[in-house]
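Observations on chain architecture
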Amino acid sequence: MSARVKICGLTRPEDIDGAVQFGADALGLVFYEPSPRSVSLDQAAELAKRVPAFMSVVGLFVNPSRQEVEAVLERVPLDLLQFHGDESADFCASFGRRWIKAIRVREAGQIEAAFEEFHNASGLLVDAWDPDRYGGTGKSFNWDLIPDYRPLPIILAGGLSSDNVFAAVKQVKPWAVDVSGGVEQDKGIKDIQKISHFIKEVHRVCKTD
Ligand SMILES: O=C(O)c1ccccc1NCC(=O)[C@H](O)[C@H](O)COP(=O)(O)O
């Protein structure tokens, strides 16, 4: 069984179209202004319109206010909320939408604790820890810290690219993988060939199983 693929941090219509064409399962829009991948409400509404049925549009937030999330939900048809900061489980659940929680992994036991704390999530995204940035760092972490017992679907992120995603999926067997920097030519500017190569590498895993 292959892992699903989420491409995060899309900002351009042509990148959405490329990710759709090459078979991504989910597309992430960043609503966090300090990020170079951040999109405005108008931009996000236009990008979301291009996404066909049975593909998910994921809205990414970092420590947002309730009003910020509600303003996005009024304008952009999001399928899933991704909380990538220090949000509580109650806050994440309070919008009546499906949500995933991202954690930044740096030590043993963190993922097990997050399974408990965020047990109502639709998935746990495990990303690399960085002292200065919440995500989109291009860094990976020690995949041995991911336990075999998984009460929630694991979405593996952090420093993935077509060079390492085959090995990552083989070793970790995640529900899904998430990539941003590894399929870019510049921050927020995706590279369609890299997206195609990345997705092919993920799908190659099931052919070798
Ligand atoms: O992408 C960003 O700029 C970003 C900023 C702040 C919080 C999260 C952010 N991205 C979240 C993602 O889901 C990324 O895809 C994930 O962190 C992996 O990024 P990368 O290591 O570049 O593949």
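Residues numbered from 1 in each chain as written. Predicted model: local features only at pLDDT ≥ 70, side-chain atom pairs only at ≥ 80, totals over all residues. Heavy atoms only, no water.

1. Details of the environment of Val172
Keep this limit in mind: A run of H or I in DSSP becomes a helix once it reaches four residues, and a run of E becomes a strand once it reaches two; helices and strands are each numbered from the N terminus. Here, two residues are considered to be in contact whenever any of their heavy atoms come within 4.5 Å of each other.
Mapped onto the elements, Val172 comes out in helix α6 (residues 165–172). With 18 residues separating them in the primary sequence, Val172 and Ile154 have C-alpha atoms 9.1 Å apart. Setting aside its immediate chain neighbours within four residues, Val172 contacts Trp143, Ile146, Arg150 and Leu156.

2. Topic: the pattern of salt bridges
Note the following rule: The term salt bridge refers to a side-chain nitrogen of Lys or Arg lying within 4 Å of a carboxyl oxygen of Asp or Glu. Any residue under 20% of the maximum accessible area for its type is buried, any over 50% is exposed, and the rest in between are partly exposed; the area is computed with a 1.4 Å probe on protein chains only.
A complete count under the given rule lists 14 salt bridges for this structure. A salt bridge links Arg37 to Glu184; the shortest N-O distance between them is 2.8 Å. Remark: Glu184 occurs in strand β9 (residues 184–186) and Arg37 occurs in the loop between β2 (26–30) and α2 (41–49); sequence separation between them is 147 residues. In this structure, Arg37 and Glu184 share a single accessibility class: buried. Notably, a salt bridge pairs Glu87 with Lys101, separated by 3.4 Å at the nearest N-O pair. On the criterion of sequence distance, the pair formed by Glu87 in the loop between β4 (80–83) and α4 (89–93) and Lys101 in strand β5 (residues 99–105) is long-range, its members being 14 residues apart. The structure contains a network of salt bridges with shared partners spanning Arg12, Glu14 and Asp15.

3. A short note on helix α3 (residues 66–75)
For an α-helix, 3.6 residues make a turn, and residues three or four places apart therefore share a direction. Here is the rule we go by: What the arc measures is the spread of directions leading from the helix axis to the C-beta atoms.
Looking at α3, one finds that the buried residues are Val69, Val72 and Leu73. Projection of α3 onto a plane perpendicular to its axis shows the buried side chains occupying an angular sector of 100°, all on one side. Seen from the open side of α3, the exposed residues pointing more than 90 degrees away from its buried face are Gln67 and Glu74. Buried-residue contacts for α3 involve α2, β3 (56–61) and β4.

4. So, helix α1 (residues 13–21)
Along α1, the positions that sit buried rather than exposed are Asp15, Ile16, Gly18 and Ala19. Down the axis of α1, the sector holding all buried residues measures 165°, keeping them to one side. Summarising the contacts, the buried residues of α1 are in contact with β1 (4–8), β2, α2, β10 (189–190) and α7 (192–208).

5. Regarding unusual backbone geometry
Positive phi is not limited to glycine here, since Asn63 has a value of about 45°. Positionally, Asn63 belongs in the loop between β3 and α3. Of note in the backbone geometry, Lys173 takes a positive phi value of approximately 50° without being a glycine. Locating Lys173 in the fold gives a position in the loop between α6 and β8 (176–179).

6. What to know about the site of the ligand
The test is simple: Here a residue is near a molecule or strand as soon as one of its heavy atoms is found within 4 Å of it. Polar contacts, as used here, are pairs of N or O atoms within 3.5 Å; protein pairs need one atom able to donate a hydrogen and one able to accept it. Residues neighboring in sequence count only if both atoms are side-chain atoms. The Shrake-Rupley method, run with a 1.4 Å probe sphere, supplies the accessible areas, and residue values consider only the shown protein chains as cover. Following the grouping adopted for this structure description, the nonpolar residues are Ala, Val, Leu, Ile, Met, Phe, Trp, Tyr, Cys and Pro, the charged ones are Asp, Glu, Lys and Arg, and the polar ones are all others, Gly among them.
Taken together, 21 residues lie around the ligand, and Ser35, Asp127, Gly136, Gly159 and Asp178 are the ones closest in. A distance of 2.6 Å is found between an oxygen atom of the ligand and a side-chain nitrogen or oxygen belonging to Ser35. Taking 530 Å² as the accessible area of the ligand by itself, protein coverage stands at 98%. Counting residues per element, the ones that place at least two in the shell around the ligand are β1 and β8. Among the residues forming the shell around the ligand, the class breakdown is six nonpolar, 11 polar and four charged.

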